[in-house]
Amino acid sequence: MSTTPATPLLSARDLQVRFGGVLAVNGVSFDVQRGEVFTLIGPNGAGKTTVFNLISRIYTPTAGSIEFNGTTLTSTPAHQVAALGIARTFQNIELFEYATVLQNLLIGHHVHRSTGVLSEIFFTGAVRRAEVKAREAAEHVIEFLDLQHHRDSLVAGLPYGVRKVVELARALCTQPKLLLLDEPSSGLNVEETDDMAFWIQDIKN
């Protein structure tokens, strides 16, 4: 008996990007299924980060299409991508260095805030409840990634390996359906790399 193939969570078809006369990505197609760990492999300059930038809408493809969970990403504004359920980390860490770990995580959860400007100004009951919910979500991620010791530390004073974990934590605070990790183990030592691999597997499960 034949079965209908599962609809991919993410589907890229014939992606192409040109920067002037440089063809950075050409004819890239792939599907990512729900619950799958999918890896883009290639040497430096192969276009892996460019593909991530296409999915997160930093770049617009010259040709091709990207579908995510029933939405055409190529016509979605960049500021709406996180709300759709896509989060990412960066090859070069992008955190608020002079904010604490907890504050960075709360910023990640902000995508789920639905209170208006006036509610925020007057700190209504809805805003207080949203603050409590965001704090609980951030604390859950802090515990999951063993960041309790660094909760109130400024990011600027943290070792590189810890910053990589904080960036992963902030991405998880958006409660994504799709998590894009751009070279998550680059610059990490053997122990830190093993920890990152364990967390990625645990996140999938």
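Nothing here was measured: the structure is a model prediction, and the numbers come from that model. (Residues numbered from 1 in each chain as written. Predicted model: local features only at pLDDT ≥ 70, side-chain atom pairs only at ≥ 80, totals over all residues. Heavy atoms only, no water.)

Caption draft 1: Quick look at the layout of surface pockets. Taken as a whole, the largest pocket spans an internal volume of roughly 910 Å³. Along the wall of the largest pocket there are 36 residues; nearest its centre are Val37, Phe38, Leu179, Leu181 and Ile200. Of all elements in the fold, only strand S2 (22-32), helix H1 (48-55), strand S6 (178-180) and helix H7 (190-204) reach the threshold of two or more residues within the lining of the largest pocket. Tallying contributions element by element places H7 first for the lining of the largest pocket, with six residues. Here the residues of the lining of the largest pocket are counted per class, giving 21 nonpolar, eight polar and seven charged. Computed from the structure, the second largest pocket encloses a volume of approximately 490 Å³. Lining the second largest pocket are 19 residues, and of these Ala82, Ile86, Ala87, Arg88 and Thr174 sit closest to its centre. Broken down by secondary-structure element, the contributors of at least two residues to the lining of the second largest pocket are helix H2 (81-84), strand S5 (86-88), helix H3 (101-109) and helix H6 (160-173). A per-class count over the lining of the second largest pocket returns eleven nonpolar, five polar and three charged. (1 Å grid on protein atoms, 1.4 Å probe; cavity = no way out; pocket = protein on both sides within 12 Å on 5 of 7 lines; lining within 4 Å. Points joined across faces, edges and corners; volume = space filled by probe spheres on them. Helix = DSSP H or I, 4+ residues; strand = E, 2+ residues; numbered from the N terminus. Nonpolar A, V, L, I, M, F, W, Y, C, P; charged D, E, K, R; others polar.)

Caption draft 2: Spotlight on the sheet that holds strand S4 (residues 71-72). Within the open sheet, the four strands sit side by side as S2-S1-S3-S4. Their pairing is antiparallel. Of all strands in the sheet, those with a lone pairing partner are S2 and S4, marking the two edges. Inspection of the sheet shows strand S3 (residues 63-68) paired to S4 by two bridges, in the antiparallel sense. What sits directly across from glutamate 67, in S4, is threonine 72. Taken strand by strand, H1 contacts strand S1 (10-19), S2 and S3, and its axis lies near 115° from that of S1. (Pairing = 2+ DSSP bridges. Contact = heavy atoms within 4.5 Å. Axes fitted to C-alpha atoms, helices over the stretch in contact; angles between N-to-C directions.)

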